[in-house]
Amino acid sequence: MAAARQDQALAPSLTSVRPVVTGLGVVAPSGIGVEEHWSSTLRGDLRVAPITRFDPSRYDATLAGEILGFDPEEQVDKRYLVQTDRWTWIGMAASRLALADAAYDPAAHEPYATAVVFGSGSGGNGFGQRELSRLWTRGRTAVSVYQSIAWFYAATTGQTSIRHGLKGPSGVVVSDGAGGLDSIAQARRVIRRGTATVLAGGAESGLTPYALTCHLSSGRVSTAAVAADGYKPFDARANGYVPGEGGATLIVEDPAAAAARGARVYGEIAGYAATHDAAHPCRPAPDARWLATAMRRAIADAGLTPDDIDVVFADGAGSVDLDAQEAAAIRAVFAGRPVPVTAPQGLVGRLCAGGSALAVASALLSIRDGVLPAVGNLDTPHPDHDLHLVRQPRPATVRVALVNARGYGGFNSSLVVRAVDPR
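Here the residue numbering is sequential within each chain, running from 1 through the sequence in written order. The model is predicted, so local features are restricted to residues of pLDDT at least 70 and side-chain atom pairs to those at 80 or more, both for listing and for counting; the totals for chains, interfaces and linings are taken over all residues. Side-chain figures throughout are based on the complete set of non-hydrogen atoms in the structure, without hydrogens or water.

(A) Molecular detail of the environment of Gly 194. One can find Gly 194 in the loop between helix H9 (179-192) and strand S7 (197-205). Buried means the residue's accessible area, taken with a 1.4 Å probe over protein chains only, is under 20% of the maximum for its type, while exposed means over 50%, and partly exposed covers the values in between. What makes Gly 194 exposed here is its relative accessible area of 63%. Under the scheme used here, helices are H or I runs from DSSP no shorter than 4 residues and strands are E runs no shorter than 2 residues, and both carry numbers assigned from the N terminus.

Listed below in structure tokens is the structure:
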């Protein structure tokens with residue numbers, strides 16, 4: 001009892017800390033670097049296109065969101081290229097960009113002051129497919145010694161911590177598309193326990209024959225042959241998602257530590273909540289109550305009400321039934337208030353854990369620039385969804401944004417980011 005009372009006494013000081021985001025690094029189909037990604041998003045550039053990484057003609061799906069112009073030798077130390085998969089190259093490149101954007105040099109800080117927590121849903125599938133092929137065609141001696149680690153979900157976390165000498169409490173969160181939000185929530189926990197800085201977010205590169213086969217097994221991948229007919233969140237012609245690669249890294253800091261070094265702040269992590277449908281592992285729940293619950297709890301965790309939310313960055317699954325569920329959840333939470341709703345990911349594809357991390361980066365840029373990005377690849381909003389969808393980018397006062405993400409199997413997460421008074 002005494003220990004419990006002591007924990008309760010400590011709780012207010014731990015939970016009162018609202019970490020801030022001081023750096024963003026983006027490597028995605030929309031661009032390499034924050035400004036390239038953001039300008040592409042606001043222009044509405046459709047970066048979904050026919051797959052070029054391999055011949056997809058034998059598969060039902062042939063479209064994807066690929067990163068153009070990404071040269072790993074320019075982005076990642078060569079010693080890591082033989083040890084890791086493309087998804088780790090993307091994640092490490094995004095982390096390097098985020099550290100530069102935050103003007104944060106880990107070497108200038110005590111090693112245990114910085115941690116790494118990433119979300120992952122796909123892992124190193126390209127590396128794994130190649131080495132398993134060697135195993136079956138050439139025998140075990142042909143398999144790389146790095147096979148045991150390169151495919152693993154924690155590979156990007158581990159290699160990033162090694163590259164920058166980061167010894168704070170680190171980890172990986174595996175919750176499919178919700179992983180990017182969940183990693184940021186875990187970063188908040190780590191900071192509240194005393195670590196000053198955490199690299200969080202996620203990146204994916206599930207564009208290999210093996211990975212595409214896994215995507216297709218869900219039955220929710222668009223089989224459209226033309227990009228404009230592909231991934232269409234909340235559209236009357238929604239027909240499934242298009243897989244993509246990429247993601248974002250965020251530098252999340254204790255606000256006092258960020259202020260002490262005079263860091264520029266994009267916004268604060270104001271609230272978070274997660275739920276699980278607890279339904280069939282391969283089929284969605286029959287209703288949206290658990291997603292609505294996550295949204296309400298995240299808003300309450302931020303000490304806000306639905307009236308305080310200026311925009312919702314939706315999960316936008318791109319299937320009529322899943323979009324209808326999310327639309328119902330949004331309508332229930334906002335009780336008829338026409339809150340603006342956007343889902344720019346229709347432009348780049350569904351990036352699994354990288355997609356939700358990228359959505360948080362976009363939400364913070366929306367706050368920074370006072371502009372709402374449009375729903376990606378939207379032509380005709382589905383009339384039954386009854387949402388106030390952003391059809392064209394437009395100026396707006398954005399102080400608070402709610403970001404939704406869902407993962408295959410029933411994961412629901414919501415995150416609230418808020419502007420910070422520069423004074």
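What follows continues from the structure just given.
(B) Spotlight on empty space enclosed by the protein. Two kinds of site are reported from a 1 Å grid over the protein atoms alone, namely cavities, where a 1.4 Å probe fits but cannot get out, and pockets, open sets with protein on both sides within 12 Å along at least five of seven lines, and residues are called lining when an atom falls within 4 Å of a point. Grid points are joined across faces, edges and corners, and a volume is the space filled by probe spheres set on the points. According to the stated counting rule, one finds three cavities of 30 Å³ or more in the structure shown. A volume near 270 Å³ is recorded for the largest cavity. Along the walls of the largest cavity sit 23 residues, with Gln 345, Gly 355, Ser 356, Leu 358 and Ala 359 positioned nearest its centre. Sorting the residues of the lining of the largest cavity by element identifies helix H2 (34-43), helix H14 (353-369) and strand S15 (400-407) as the ones contributing at least two each. With five residues, H14 is the largest single contributor of residues to the lining of the largest cavity. Its residues assigned to classes, the lining of the largest cavity shows 10 nonpolar, 10 polar and three charged. Lining the second largest cavity are Trp 87, Gly 91, Ala 94, Phe 118, Gly 119, Thr 156, Gly 202, Ala 203, Gly 247, Ala 248 and Thr 249. Looking at the lining of the second largest cavity, the elements with two or more residues in it are helix H5 (86-102), strand S5 (114-119), S7 and strand S8 (245-253). Residues are grouped as follows: Ala, Val, Leu, Ile, Met, Phe, Trp, Tyr, Cys and Pro are nonpolar; Asp, Glu, Lys and Arg are charged; every other residue, Gly included, is polar. Grouping the amino acids of the lining of the second largest cavity by side-chain chemistry returns five nonpolar, six polar and no charged.

(C) Seen up close, the nonpolar core. Take the buried Ala, Val, Leu, Ile, Met, Phe, Trp, Tyr and Cys residues and link them wherever side-chain atoms come within 4.5 Å; each set so joined is a nonpolar core. Ranked by size, the top nonpolar core spans 48 residues in total, and within it Leu 24, Val 360 and Val 417 carry the most contacts. Among the elements that make up this core, the one with the highest residue count is H14 (nine residues). For Val 417, the contacting residues outside a window of four places in its chain are Glu 268, Ile 269, Ala 270, Val 360, Ala 363, Leu 364, Ile 367, Arg 399, Val 400 and Ala 401. The next biggest cluster of nonpolar side chains, apart from the first, holds 29 residues, and it includes Phe 234, Met 295, Ala 298 and Ala 327. Contacts between residues were defined by any pair of non-hydrogen atoms, one from each residue, lying within 4.5 Å.

(D) Local environment of the environment of Asp 386. Relative to the assigned elements, Asp 386 resides in the loop between strand S12 (371-372) and strand S13 (388-389). When its relative accessible area of 60% is taken as the criterion, Asp 386 is described as exposed.

(E) Just the packing of H2 against H14, in detail. Axis angles are defined between N-to-C directions and span 0 to 180 degrees, where every axis is a line fitted to C-alpha atoms and, for a helix, only to the segment in contact. In contact at an axis separation of 11 Å, H2 and H14 are set at 80° when each is read in the N-to-C sense. With respect to H14, the axis of H2 lies roughly perpendicular. Contact residues: H2 offers Val 34, Glu 35, His 37 and Trp 38, while H14 offers Leu 358, Ser 362, Leu 365, Ser 366, Arg 368 and Asp 369. Considering only residue class, the contact of H2 with H14 consists of four nonpolar, three polar and three charged. Reported orientations rely on four angle classes, namely roughly parallel under 35 degrees, roughly antiparallel over 145, roughly perpendicular from 65 to 115, and oblique for the rest.

(F) Expanded view of unusual backbone geometry. For Asp 176, which is not glycine, the phi torsion reads 55° and is therefore positive. Tracing the backbone through its elements, the reader meets Asp 176 in the loop between strand S6 (171-173) and H9. Using a relative accessible area of 26% as the deciding quantity, one classes Asp 176 as partly exposed. For Cys 352, which is not glycine, the phi torsion reads 55° and is therefore positive. Here Cys 352 is to be found in the loop between strand S11 (340-342) and H14.

(G) How the structure looks around the layout of surface pockets. Size it by volume and the largest pocket reaches roughly 1,200 Å³. Contributions of two or more residues to the lining of the largest pocket are made by helix H6 (125-138), helix H10 (209-216), helix H13 (320-334), S15 and strand S16 (411-418). Looking at side-chain class alone, the lining of the largest pocket contains 18 nonpolar, 20 polar and eight charged residues. Approximately 240 Å³ is the volume found for the second largest pocket. The wall of the second largest pocket is formed by 16 residues, among which Asp 85, Arg 86, Gly 126, Phe 127 and Thr 208 lie closest to the centre. Listing elements by their share of the lining of the second largest pocket, those giving two or more residues are H5 and H6.

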